[in-house]
Amino acid sequence: MSETYYKLHPISALINFLKGLKELLIPFLVIFGVNLFRDGGISGMFSNGWQGLIPLIIGGAVLLFILVGGIVKWKRFVYWFEDGELRIEYGLFVKKKRYIPFDRIQSLNYTEGIFHRPLGLVKVKVETAGTGKTGEAEAELTAISREDADRIEEKMEEAKRGSIKEKR
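One numbering rule holds for all chains: residues counted from 1, following each sequence as written. This being a predicted model, a pLDDT of at least 70 is required before a residue's local features are given, and a value of 80 or more before pairs of side-chain atoms are given or counted; all residues contribute to the totals for chains, interfaces and linings. No hydrogens and no water enter the side-chain calculation; it runs on all heavy atoms of the structure.

**What to know about the overall build of the protein chain**
Reasoning step 1: The number of helices and strands found in the protein chain is five helices and seven strands.
Reasoning step 2: Counting from the N terminus, the helices are DSSP H or I runs at least four residues long and the strands are E runs at least two residues long. Its helices and strands taken in sequence order, the protein chain reads β-α-α-α-α-β-β-β-β-β-β-α from the N to the C terminus.
Reasoning step 3: For the protein chain, the residues scored as buried account for 35% of the 168 residues in total.
Reasoning step 4: Throughout, a residue-residue contact means that at least one pair of heavy atoms, one from each residue, lies within 4.5 Å. Sequence separation of 24 or more characterises 52% of the internal contacts of the protein chain that already satisfy a separation of 6 or more.
Reasoning step 5: Surface accessibility follows the Shrake-Rupley procedure with a 1.4 Å probe radius. Residue values consider only the protein chains on display as shielding. Accessible area of the protein chain: about 10,900 Å², with a carbon and sulfur share of 60%. Burial status follows relative accessibility: with a 1.4 Å probe on protein chains alone, a residue under 20% of its type maximum counts as buried, one over 50% as exposed, and anything between as partly exposed.

As structure tokens, this is what we get:
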């Protein structure tokens with residue numbers, strides 16, 4: 001049993017926030033666009049008292065909710081190696097666990113985004129044989145160091161070498 005639990009880099013909280021923000025871009029543009037062309041634009045929003053500020057208050061609350069959600073995702077995500085498997089645990093109210101045997105892992109895809117490069121981080125997508133049809137990776141480690149990514153690859157190779165020796 002592994003005693004070492006690994007966490008994602010804190011930049012993954014920012015990455016999760018920006019993903020959520022990207023998903024809400026069109027609704028925000030619609031809500032604020034409609035309110036800008038109504039009753040005098042931006043100055044009309046401020047001259048109507050607190051009722052004119054309702055779209056801004058709701059938008060701010062949604063942004064705060066997305067930011068807190070990104071931080072919670074980062075804090076609750078943990079992975080470790082045990083019994084020839086990559087084990088991942090995440091979730092706040094409903095704790096989800098993924099156990100991926102190293103024998104099933106087909107590939108580890110590394111990606112370096114704009115936030116990853118300056119910090120020496122990578123995003124790792126773990127793909128198994130069954131994930132080719134859906135196009136979605138079995139697991140995704142948003143931001144980990146290159147050394148941690150190499151450690152996953154080493155553990156996977158160790159497990160595959162051990163299973164080959166057992167078959168002989």
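**Some remarks on unusual backbone geometry**
Reasoning step 1: Non-glycine residue D83 carries a positive phi angle of around 50°.
Reasoning step 2: In this structure, D83 sits in the loop between strand 2 (78-82) and strand 3 (85-90).
Reasoning step 3: Residue D83 is classed as exposed on the basis of its relative accessible area, which comes to 63%.

**Describing helix 1 (residues 11-23)**
Reasoning step 1: Given the number of residues in a helix, its expected span is that number minus one, multiplied by 1.5 Å. The terminal C-alpha atoms of helix 1, which comprises 13 residues, lie 19 Å apart, in line with the 18 Å expected from a rise of 1.5 Å per residue.
Reasoning step 2: Regarding helix 1, the residues found buried are I11, S12, A13, I15, N16, F17 and G20.
Reasoning step 3: As for helix 1, its buried residues are in contact with helix 4 (54-76), strand 6 (121-128) and strand 7 (139-145).

**Re the side chain of T128**
Reasoning step 1: For T128, the location among the structural elements is in strand 6.
Reasoning step 2: Of the residues examined, T128 reaches a relative accessible area of 4% and is grouped as buried.
Reasoning step 3: Residues adjacent in sequence count toward polar contacts only when both atoms are side-chain atoms; beyond that, a polar contact is any pair of N or O atoms within 3.5 Å, and within protein one must be able to donate a hydrogen and the other to accept it. Of the polar contacts made by the side chain of T128, one reaches the side chain of R104; its length is 3.3 Å.
Reasoning step 4: A distance of 3.2 Å separates a polar atom in the side chain of T128 from a polar atom in the side chain of E138.

**What to know about helix 4**
Reasoning step 1: A rise of 1.5 Å per residue sets the reference length of helix 4, with its 23 residues, at 33 Å; its end C-alpha atoms lie 32 Å apart and thus fit the reference within 8%.
Reasoning step 2: Among all positions in helix 4, only P55, G59, I66, G70 and W74 are buried.

**Some details on the sheet that holds strand 3**
Reasoning step 1: Note: two strands are recorded as paired if DSSP finds a minimum of 2 bridges between them. Taken together, the four strands give an open sheet; going across it, the order is 1-2-3-4, and neighbouring strands pair in antiparallel fashion. Single-partner strands in this sheet number two, and they are strand 1 (6-7) and strand 4 (96-101).
Reasoning step 2: Bridging between strand 1 and strand 2 involves two bridges; their strand directions are antiparallel. Bridged to K7 within strand 2 is V78.

**Examining the packing of aromatic side chains**
Reasoning step 1: Two aromatic rings from Phe, Tyr or Trp, using only the six-membered ring of Trp, form a pair when their centres are within 6.5 Å; if the ring planes differ by under 30 degrees the pair is stacked, by over 60 it is edge-to-face, and anything between is tilted. Enumeration according to the criterion identifies six aromatic pairs in this entry.
Reasoning step 2: Between the NZ or CZ atom of R87 and the centre of the ring of Y99, over which it lies, the distance is 4.2 Å. As a reminder, the over-ring test applies to NZ of lysine and CZ of arginine, requiring each to be within 6 Å of the ring centre and within 35 degrees of the ring normal.

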